[in-house]
Amino acid sequence: MASNDGDLRLFERCRAGDSAAWDTLVDRYRRLVWSVILKQRMRDGDAEDVFQQVFTALIEHIDSIRDEDGLASWLVVTTKRACWRATARLRRDERNMHSLDSRISDDPRATEHVDQHASHGDAESAETEQLLERQLVRLGLERLGGKCRALLEALFGAGSDPNYALISQRLDIRVGSIGPTRARCLEKLALQLRRLGFGPSLPAEAQARFADRDAPFDASDPE
Amino acid sequence: MSNSSDLPPDRNPVTTVDLIAVAAGDGDKALITRVHDAARASTLVAGQLAMFSRIVDEMRGDNLNEPSINALVAAKALGAQLHARRARADHRDRVVLPTFVETLFDRAAAIVLDWLRPDGTPAFAGLRDDRGADLLEVSADAAGFVIRCERTPAMDGITRLVGELVARDDTPLRARIMLLDARGCSAQWTHTDALGMFAIALTHDAREVVFAAYDVNGSAFTPVVLPLAPRELPPDRARESR
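Residue positions within a chain follow its written sequence, with the count starting from 1. For this description, chains carry letters from A and ligands carry numbers from 1, given in the order in which they are written. Note on the predicted model: pLDDT of at least 70 is required for a residue's local features to be given, and 80 or more for side-chain atom pairs to be given and counted; whole-chain, interface and lining totals, by contrast, use all residues. Heavy atoms throughout the structure, all of them, feed into the side-chain values; hydrogens and water do not.

A. Just the confidence of the model for chain B, in detail. All names here are of chain B. The predicted model of chain B has a mean per-residue pLDDT of 68, with 61% of residues at 70 or higher. Residue-level confidence of the predictor, termed pLDDT, takes values from 0 up to 100. We count a stretch as a helix when DSSP gives it H or I for four or more residues in a row; a strand needs E for two or more, and each element gets its number in order from the N terminus. Predicted confidence in chain B is weakest over helix H6 (residues 101-106), with a mean pLDDT of 35, and strongest over helix H3 (residues 43-59), with 91. Throughout, a residue-residue contact means that at least one pair of heavy atoms, one from each residue, lies within 4.5 Å. Contacts for the low-pLDDT stretch residues 91-133, under 50 throughout, to residues beyond four places or in other chains number 107 contacts. Across residues 230-242, confidence stays below pLDDT 50; counting only partners more than four residues off in sequence or on other chains, it has 23 contacts. The complex model carries a pTM of 0.59, and its ipTM stands at 0.76.

B. Up close: helix H1 (residues 16-23) of chain B. Residues and elements named next belong to chain B. The rule is simple: take the accessible area with a 1.4 Å probe, protein chains only, and divide by the maximum for that residue type; under 20% is buried, over 50% is exposed, in between is partly exposed. Among the 8 residues in H1, 7 count as buried, and that is most of the element. Taken together, the buried positions of H1 are Thr-16, Asp-18, Leu-19, Ile-20, Ala-21, Val-22 and Ala-23. Trailing H1 by a residue or two, Gly-25 shows a phi angle of about 85 degrees, which is positive.

C. Highlighting the nonpolar core. Definition of nonpolar core: a set of buried residues of the types Ala, Val, Leu, Ile, Met, Phe, Trp, Tyr and Cys, connected through side-chain atoms within 4.5 Å. Counting 44 residues, the largest nonpolar core has A:Trp22, A:Leu25, A:Ile37, A:Phe55 and A:Leu58 as its most contacted members. For this core, the element with the most residues is helix H2 (residues 19-39) of chain A, which contributes 10 residues. Ignoring sequence-local partners within four residues, the contact set of A:Trp22 consists of A:Cys14, A:Phe55, A:Leu58, A:Ile59, A:Ile62, B:Ala75, B:Lys76, B:Leu78, B:Gly79 and B:Leu82. Among the nonpolar cores identified, the runner-up in size contains 41 residues, and A:Ile178, B:Leu19, B:Leu31 and B:Leu49 belong to it.

D. Focus on the interface of chain A and chain B. At the junction of the two partners, chain A supplies 65 residues and chain B supplies 53 residues. By convention in these notes, a salt bridge is any Lys or Arg side-chain nitrogen within 4 Å of a carboxyl oxygen on Asp or Glu. Where chain A meets chain B, there are 9 salt bridges. With a shortest N-O distance of 2.7 Å, B:Asp62 and A:Arg138 are connected by a salt bridge. Throughout this description, a polar contact denotes any pair of N or O atoms lying within 3.5 Å of each other; where both atoms belong to protein, one of them has to be capable of donating a hydrogen while the other can accept it, and for residues adjacent in sequence the pair is counted only when both atoms sit in side chains. Across the contact surface, chain A and chain B share 20 residue pairs in polar contact (both at pLDDT 80 or more). By residue number, the principal contributor to the side of chain A that touches chain B is H2(A), which donates 10 residues. Among the residues making up the side of chain A that touches chain B, the classes are represented as 31 nonpolar, 11 polar and 23 charged. Under this grouping Gly is polar, as are all residues other than the nonpolar Ala, Val, Leu, Ile, Met, Phe, Trp, Tyr, Cys and Pro and the charged Asp, Glu, Lys and Arg.

E. Representation of the pattern of salt bridges in the model. A full pass over the atoms with the stated rule returns 18 salt bridges over all chains. Among the salt bridges present, the one from A:Arg43 reaches A:Asp46, with a minimum N-O distance of 3.5 Å. The salt bridge involving A:Arg134 is made with B:Asp62; its shortest N-O contact spans 3.5 Å. In this pair, A:Arg134 sits in helix H6 (residues 121-144) while B:Asp62 sits in the loop between H3 and helix H4 (69-77), so the two residues belong to two different chains. This pair shows no difference in class: A:Arg134 is buried, exactly as B:Asp62 is. What you see here is one network of salt bridges that share partners, running through A:Arg30, A:Arg31, A:Arg134, A:Arg138, B:Glu58, B:Asp62 and B:Glu66.

F. Here's a closer look at unusual backbone geometry. Positive phi values are uncommon outside glycine, yet A:Arg41 reaches one of about 55 degrees. Considering the arrangement of structural elements, one finds A:Arg41 in the loop between H2 and helix H3 (44-60).

G. Broad picture of helix H8 (residues 164-171) of chain A. Residue and element names in this part refer to chain A. Buried residues of H8: Ile-167, Ser-168 and Leu-171, and no others. What you see down the axis of H8 is that its buried residues fit within an arc of 100 degrees, all on one side. Residues Ala-165, Gln-169 and Arg-170 are exposed on H8 and point more than 90 degrees away from its buried face. With a side-chain oxygen positioned 3.2 Å from the backbone nitrogen of Ala-165, the residue opening H8 is Asn-163. Following H8 by one or two positions, Asp-172 adopts a phi angle in the positive range, close to 60 degrees. Note: the arc covers the axis-to-C-beta directions of the helix.

Here it is, written out as structure tokens:
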């Protein structure tokens, strides 16, 4: 993940007792944490419990976390562990329900699936990379702010087939302007993301052209 | 699909707008063909197209990752612990007011209780009635809501804080009630029900209770943090208060 001074400042404010900074921190990472929970297929009530546990863990460690730049990774790992623990507990409960011997709750095999989850090294790593990349895009959108953020979220956030008429009405943009505005906003977002370390860096020439959205790309561009 | 190498470059330009339209998935077939040809002929164009496509892919459907309002409000309510944490740090070097809530709870007869806010101003005031319950009511002016509750030892031997949270117009409020231990960590928590009622078992390690209320739209009120247990006094002040 790229350097993120925003988190550093938020941590300082949280340590000083500023709950507004905490709200911002929760807002910034809420979708990352929730997406991890969804991937672990937690049920609604359990999902809310895990969500709460993760942010409780964060607030309890707020004085000790020193690598603010690694917060997204820390949240992913913490959320996965919380999900596994919750799942292990649920399985133990289910076994207890069906077993006459309540001692099974102490059986180490009850948590064996945790180790199974943890051993899926490569797949886990790829999944984490994707989660972090998506979080970087969220951060880029947050920094973009304003109408651009609202438009891009409205166009892409819900999935496919955005309702242009509705978006036009809600954001007070003419339907005919949505396409060009979207292009400008995506360019701005791409610039933000490059600053955050998203994707491979491009040659200076490409970046210069990229800044001028009407400049044509020459298909025979020398490599 | 045509081969772009057969076409003179200046007759076949692609702009950033074109790339974005294709990346967003709403370019027509001719545009898609033209952009893909250009991407094949130039790694520069290919890189740009790939980058826009990746950004769009990451944004697409992200609303589905939005947590429930309950989960979000509850997580934000944890921010009240930061107040408590800070308040404890601030109080550490100051003269602490002798507020022995537990002691007052345990005294017989009707006595007026003072339950102080972390800033030292009175928050709770109430009477102990003959049934052994401590009736308490606090109007949290800054927060804009009212807490009515009583501390009741139940038949099961567990002492609970039972009560309700209402707005100034007496409408019930949704809220999260949390007990914090000495480290400011959440020891136990519960929610109010649809009528604004709640009941929470008072654990031995609970030192503070946090009321984090929110209205039907999910807008949070300023959380209220109240002490539950005797505050630590400097030795000289403790002697004076005896």
